[in-house]
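Structural features, examined
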Amino acid sequence: MHILPKSGLPRLVEALGEQHELYGPILHEVSGDALFEKLADPAALRLDAPIPYIPPKAAVFPHFEEILHYAYDRDSKKVDIARTDLVRPKALIGVRSCDLTGLACLDRFYLGQEFVDEVYRDHRRRTFIVANTCLGPFPQCFCVCTDSGPYAVEGYDLNLTDLGDHYLVESGSEKGAALAARLGLAPAGADAAGRRDAAVNASIASFDPAARENKAWISRAVNRLTTGFVKNETWEYIGHQCFECGACSYVCPTCSCFNIEDVTPAEGPTGRIRTWDSCSFEGYSRMAGEHNPRRPIEDRRNKRFFCKLSYSQSKKYLRPGCVGCGRCARVCPGDIGLPNVVQYIRRETTGR
Amino acid sequence: MAESPLNAIVTVPAVAEITEIKDEIEEVRTFYFSFDHPELERSFRARSGQFIMCTVFGAGEFAVSLPFSPENDRRHLSVRRVGKVTDGLHALRPGDKIGIRGPFGNGFPFDAIKGRNMVVIAGGIGLIPLRSTLVHALQHRADFGRIILLYGARSSRDLMYLSQIEDWRKTEGFEAFLTIDRAEPGWAGEVGFVHTLIEKAKVPVENTVAFVCGPPIMFNANIKELTGRGLKDEFIFSTLERHMKCGIGKCQHCAIGRTLVCTDGPVYTYKQLKTLGEQI
Ligand code: SF4
Ligand code: SF4
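Predicted model only: the values in this text are computed from it and were never measured.

**Some words on the overall build of chain A**
If you tally the helices and strands in chain A, you get 14 helices and 12 strands. Overall, the C-alpha framework of chain A stretches about 70 × 65 × 45 Å when taken along its three principal axes. Restricting the contact set of chain A to residue pairs at least 6 apart, pairs at least 24 apart contribute 71%. Summed over its atoms, the accessible surface of chain A is roughly 15200 Å², and 53% of this surface lies on carbon and sulfur atoms.

**Some points on the overall build of chain B**
Helix and strand content of chain B: 8 helices and 15 strands. Against the compact-globule benchmark of 19 Å for 280 residues, chain B has a radius of gyration of 18 Å, which places it among compact chains. Taken along its principal axes, the extent of the C-alpha atoms in chain B is 50 × 45 × 35 Å. Scored against the burial criterion, the 280 residues of chain B give a buried share of 59%.

**As for the site of ligand 2**
Near ligand 2, the surroundings consist of 12 residues, among which A:Cys242, A:Cys245, A:Gly246, A:Cys248 and A:Cys332 are the closest. Taken together, the residues that form the shell around ligand 2 break down as 8 nonpolar, 2 polar and 2 charged.

**Looking at the domain arrangement of chain B**
Residues and elements named next belong to chain B. Domain annotation for chain B reports domain 1 (10–104) and domain 2 (110–239). Here the C-alpha centre of domain 2 lies 25 Å away from the C-alpha centre of domain 1. Listed as interface residues are 17 residues of domain 1 and, on the opposing side, 17 residues of domain 2. When domain 1 packs against domain 2, close to 1300 Å² is buried across both sides, 49% of that on carbon and sulfur atoms. Our count for the contact surface shared by domain 1 and domain 2 stands at 1 salt bridge. Close ionic contact of Arg131 with Asp73 constitutes a salt bridge, the shortest N to O distance being 2.8 Å. Scanning the region where domain 1 abuts domain 2 turns up 6 residue pairs in polar contact (both at pLDDT 80 or more).

**Concerning the nonpolar core**
Nonpolar side chains tend toward joint burial in soluble globular proteins. Counting residues in each nonpolar core, the largest one holds 75 residues, and the members touching the most others are A:Leu92, A:Tyr110, A:Tyr120, B:Ile121, B:Leu150, B:Val212 and B:Leu226. No other element matches helix α3 (residues 97–111) of chain A, which puts 8 residues into this core. A domain-level breakdown of this core finds at least three residues from each of domain 1 (10–104) and domain 2 (110–239) of chain B. Leave out the neighbours within four places in its chain, and B:Leu150 touches B:Val119, B:Val120, B:Ile121, B:Ala122, B:Phe177, B:Val194, B:Leu197, B:Ile198, B:Ala201 and B:Val203. Ranked by size, the runner-up nonpolar core spans 34 residues in total, among them B:Ile25, B:Ile128, B:Leu138 and B:Ile147.

**Looking at the sheet that holds strand β3 (residues 51–56) of chain B**
All names here are of chain B. With antiparallel pairing, 6 strands are arranged side by side in an open sheet as β4-β3-β6-β1-β2-β5. Lying at the two open borders of the sheet, with one neighbouring strand each, are β4 (60–65) and β5 (76–80). Sheet twist, expressed as the average angle between the axes of neighbouring strands with direction ignored, equals 40°. With 6 bridges joining them, β3 and β4 adopt antiparallel strand pairing. Paired with Val56 across the bridge in β4 is Gly60.

**Quick look at the environment of A:Glu348**
All names here are of chain A. Inspection of the secondary structure puts Glu348 in helix α14 (residues 338–350). For Glu348 and Glu233, which are 115 residues apart along the polypeptide, the C-alpha to C-alpha distance reads 9.8 Å. For Glu348, the residues in contact, after removing those within four places along its chain, are Arg224, Phe229, Val230, Lys231 and Thr234. A distance of 3.0 Å separates a polar atom in the side chain of Glu348 from the backbone nitrogen of Lys231.

**Some details on the site of ligand 1**
All residues in the neighbourhood of ligand 1 are listed as A:Phe142, A:Cys252, A:Pro253, A:Arg304, A:Lys308, A:Cys322, A:Val323, A:Gly324, A:Cys325, A:Gly326, A:Cys328 and A:Leu338. Among the residues making up the shell around ligand 1, the classes are represented as 8 nonpolar, 2 polar and 2 charged.

**Structural notes on the sheet that holds strand β8 (residues 147–153) of chain B**
All names here are of chain B. The strand order β10-β9-β8-β7-β11-β12-β15 describes an open sheet built from 7 strands, whose pairing is mixed. Only two strands of the sheet have a single neighbouring strand rather than two, namely β10 (190–191) and β15 (267–269). Strand direction decides the pairing type here: β8 and strand β9 (residues 174–180), joined by 7 bridges, are parallel. Considered in β9, the bridge of Leu150 is made with Phe177. Taken strand by strand, helix α3 (residues 127–139) contacts β7 (117–123), β8, β9, β11 (208–213) and β12 (236–239), and its axis lies near 155° from that of β7. Contacts between helix α6 (residues 216–228) and the sheet are confined to β7, β11 and β12, with β11 contributing the most and set at about 165° to the helix.

**Regarding α3(A)**
Side chains that are three or four residues apart share a direction in an α-helix, a result of its 3.6 residues per turn. Compared with the 21 Å implied by 1.5 Å per residue over 15 residues, the 20 Å span of α3(A) between its first and last C-alpha is a close match. Most of α3(A) sits inside the fold, with 13 of its 15 residues counted as buried.

**Observations concerning the side chain of A:Lys308**
All names here are of chain A. Note that Lys308 resides in helix α11 (residues 297–309). Asp99 provides the closest opposite charge to the buried, salt-bridge-free Lys308, at an N-O distance of 11 Å. When near neighbours in sequence (up to four residues on either side) are disregarded, Lys308 contacts Cys252, Thr254, Cys255, Pro320, Gly321, Cys322 and Leu338.

**Things to note about the interface of chain B and chain A**
Bring the parts together and some accessible area is lost; that lost area is often taken as the interface size. Every contact between the two is made by 46 residues of chain B and, on the other side, 50 residues of chain A. Surface buried jointly by chain B and chain A totals about 4200 Å² across both partners, of which 55% is contributed by carbon and sulfur atoms. Inspection of the region where chain B meets chain A yields 3 salt bridges. Summed over the shared surface of chain B and chain A, the number is 17 residue pairs in polar contact (both at pLDDT 80 or more). Within the residue set of the side of chain B that touches chain A, elements represented by two or more residues are β1 (9–25), β3, β4 and β6 (97–104) of chain B. Per-element tally for the side of chain B that touches chain A: the top contributor is β1(B), with 5 residues.

Calculation criteria
Residues numbered from 1 in each chain as written. Chains lettered and ligands numbered in written order. Predicted model: local features only at pLDDT ≥ 70, side-chain atom pairs only at ≥ 80, totals over all residues. Heavy atoms only, no water. Helix = DSSP H or I, 4+ residues; strand = E, 2+ residues; numbered from the N terminus. Contact = heavy atoms within 4.5 Å. Areas by Shrake-Rupley, 256 points an atom, 1.4 Å probe, with all protein chains shown as cover. Rg over C-alpha atoms; globule rule 2.2 N^0.38 Å. Buried < 20%, exposed > 50% of the residue type's maximum accessible area, 1.4 Å probe, protein only. Near = heavy atom within 4 Å. Nonpolar A, V, L, I, M, F, W, Y, C, P; charged D, E, K, R; others polar. Domains from an automatic or database assignment. Buried area = accessible area lost by both parts, 1.4 Å probe. Salt bridge = Lys/Arg side-chain N within 4 Å of Asp/Glu carboxyl O. Polar contact = N/O pair within 3.5 Å; in protein donor to acceptor, adjacent residues only side chain to side chain. Core = buried A, V, L, I, M, F, W, Y, C linked by side-chain atoms within 4.5 Å. Pairing = 2+ DSSP bridges. Axes fitted to C-alpha atoms, helices over the stretch in contact; angles between N-to-C directions. Expected span 1.5 Å × (residues − 1). Lys, Arg positive; Asp, Glu negative; His and termini not counted.

So this is what it looks like as structure tokens:
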């Protein structure tokens, strides 16, 4: 463990900037919203910014990405086809614990199953992560219920915990340790771990009691949903609340569905484009010839909650698929963010 | 970080040439192909029942079950025109190139069913993904008891692979029953829905496995008939088609129940299908 004086943060950022594109939280100059973006100006980095609107997953699983391109000349029968490799090393600075856990879910899903997603792998191979401990929750947060915060225990290269006039720096990888050594950071004193734990405990204590109470209910929802005990009426109610806008999928740190389309511009090669997709969209499971096996919205809607909470999906993530960031609750116009869905499942049994 | 362990083409399609095109039935054509790369042409292996992702350059990519058997069978795809990408494929001519990723999916469990009677029940183009079960069984005649094909379509013009079925009849002990929905002049086969052939063919229940594929109504009628006669759910197999984008279990478009058709399927037992709780 090391100490980084707050005045030394720009040095850390600058060192990372030598070999990486820099990404981190900023505050939008007009709206004031927190965004996690490529830093045009490293000085704009705000580690104290609230949880960003779109999670950092967008840096390693871009909303829109060309994965390969080809040109086929029918006269000569010649095909030129190649991966589009625009992936440059990226440093994600100031990743909060929920979002870091989200990346762990994506890693296990994209890299840890039968097949490896090579596009995602190429992003992740070239990612440096600086995590950031949350000293207190934002109104939407319930990571304490989903075992994903407010302090990260793994998955980072460096982790920063704000301890007043300095950050406590922990390294979680060889890359991270090498950078700490290169910057010549001072070793932390013997009391550092104790002070960090006090800060983390104070953070946990300041979560809304309702968020903490929900904890037991999330595991019970996992159970009821996995064993098929959630009533059809409940799914229908949830389904009818859904506007099919897809916002929940876009803001969720663990939503990973994508669509692929070959797009031919007026000139030049065809690009194979991969974009984010959402199971709430009507066209999501439609097959050529218009047969749609998952038609009613309640079918598509409960798919999302199976993904986040069912045991079978948890096996792919090695944990539940919800990391408690609360984003879906904030954006959903139908008021069926994940915490509310857990409430509905709870009401089914308790009547309140 | 990990690599995909299997000998499959995962991301960038391999280029293949269409060597011959055959019209099968209305809107369905068979495309014979070979890989441009000689090494791949030699080493490409797919299990019966797997599928590939086929790129039609400029139009896009689609998932298609492999109709051919890994041994002594020409590589080909039989594809119905249903939309933009398959339209694009149908517009191609011999000598044109396509792209291929795969093979993906689980395939048929031949080892587990050795020694049993095999009944293949297909409706219309449902015979395409089941073709390789017959080729395999006939090539390994001694591994199976009775080998029975029950095949039906709306009219005689909607029956696939008719000349091949005639060839297969030359294999000793292969029984094929063909039916069409309504009588036609000159038609010598049966008339009526496919499931009525189960009785006519005296399909055994003991020591039997059935492979069933076709439109939902046909599928359900046959399942009802087979299970009604006592064939167990775990001895009935089917293969599913779904909207797919990646083929490798990532895009999640083909999720059915708690499984993904691309990596957990496309071959399922009826016992599994029943628990998936979604429309098949
Ligand atoms: S389901 Fe909602 S609260 Fe859970 S991780 Fe996704 S966006 Fe966050
Ligand atoms: S944000 Fe809400 S309304 Fe929009 S798709 Fe998701 S669940 Fe439906």
